[in-house]
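# Tertiary structure, described
Listed here are the chains, written in short residue letters.
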Amino acid sequence: MMDESLRELYQEVILDHSRHPRHFGVLADANHVGEGHNPLCGDRVKVYLHVGAGDKIDDISFEGKGCAISQASASMMTDLVKGRSIAEAEKLMGGFLHLVKGEDASAIGADDREHLDVMAGVQAFPMRVKCATLAWHTMKSALEGGNPAKSE
Ligand code: ZN
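Conventions adopted
- Residues numbered from 1 in each chain as written.
- Predicted model: local features only at pLDDT ≥ 70, side-chain atom pairs only at ≥ 80, totals over all residues.
- Heavy atoms only, no water.
- Phe/Tyr/Trp six-rings, centres within 6.5 Å; stacked < 30°, edge-to-face > 60°.
- Helix = DSSP H or I, 4+ residues; strand = E, 2+ residues; numbered from the N terminus.
- Buried < 20%, exposed > 50% of the residue type's maximum accessible area, 1.4 Å probe, protein only.
- Pairing = 2+ DSSP bridges.
- Axes fitted to C-alpha atoms, helices over the stretch in contact; angles between N-to-C directions.
- Contact = heavy atoms within 4.5 Å.
- Parallel < 35°, antiparallel > 145°, perpendicular 65-115°, else oblique.
- Left-handed = near helix turned anticlockwise from the far one by under 90°.
- Nonpolar A, V, L, I, M, F, W, Y, C, P; charged D, E, K, R; others polar.

Take the packing of aromatic side chains next. Under the defined criterion, the tally for this structure stands at two aromatic pairs. Taken together, a centroid distance of 5.1 Å and an interplanar angle of 85° make the contact between phenylalanine 24 and phenylalanine 62 edge-to-face. Of the two residues, phenylalanine 24 is situated in the loop between helix 1 (4-18) and strand 1 (32-38) and phenylalanine 62 in strand 3 (residues 56-65); the sequence distance between them amounts to 38 residues.

Alternating residues of strand 1 divide into His32, Gly34, Gly36 and Asn38, all buried, and Val33, Glu35 and His37, none buried. Relative to strand 2 (residues 43-52), strand 1 runs antiparallel, the two being bridged by seven bridges. Residue pairing in the sheet places valine 33 in a bridge with tyrosine 48 of strand 2. Where strand 1 folds back onto strand 2 in an antiparallel hairpin, the turn is made up of four residues, including glycine 42, whose phi is positive at roughly 90°.

What follows deals with the sheet that holds strand 3. Spatially, three strands are ordered 1-2-3 in an open sheet, and the strand pairing comes out antiparallel. Looking at which strands have only one partner, the edges of the open sheet turn out to be strand 1 and strand 3. This sheet shows a mean twist of 20° between the axes of neighbouring strands, independent of strand direction. Relative to strand 3, helix 2 (residues 68-81) is tilted by about 170°, and along the sheet it contacts strand 2 and strand 3. The strands that helix 5 (residues 126-145) touches are strand 1, strand 2 and strand 3; relative to strand 2, the one it contacts most, it runs at about 40°.

What follows covers the packing of helix 3 (residues 86-100) against helix 5. As a packed pair, helix 3 and helix 5 sit with axes 11 Å apart at the nearest point and diverge in direction by 160°. With respect to helix 5, the element helix 3 is oriented roughly antiparallel. As for the relative orientation of helix 3 and helix 5, their crossing is left-handed in sense. Contacts between helix 3 and helix 5 involve Ile86, Ala89, Glu90, Leu92, Met93, Phe96, Leu97 and Val100 on the former and, on the latter, Val129, Ala132, Thr133, Trp136, His137, Met139, Lys140 and Leu143. Its residues assigned to classes, the contact of helix 3 with helix 5 shows 12 nonpolar, two polar and two charged.

Below, the structure is given as structure tokens:
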């Protein structure tokens, strides 16, 4: 059962990213990999990053399954952080976490805000906040965790 505002939220979010996720799939030369799970909703996300010189995120991809919010948020995240430094990505994550909780998100630059505002609607649905933030937390743990498990 969905009320009107939730339906609108879904529509906005899934329109593009959920149907046509960006950067979806395994990143063969990833040097950071992380996996995240949101047991409340059943969402799963795996994030692959290739971090190069100057701590720059040269490439990023994700795999996952779960609700539209979780997958669209992952897709959007890969779009936004590719080409940025780790520090910039973490700053953006901090702003995003504020945004989806309905807190002060003024740290997010105007260009990024335009993209991320689509997700701001989840603040009205506390259960959905974890869906929206799953990919970001997974990226952070991938960056902190360092080496991926060596594939045979
Ligand atoms: Zn979810």
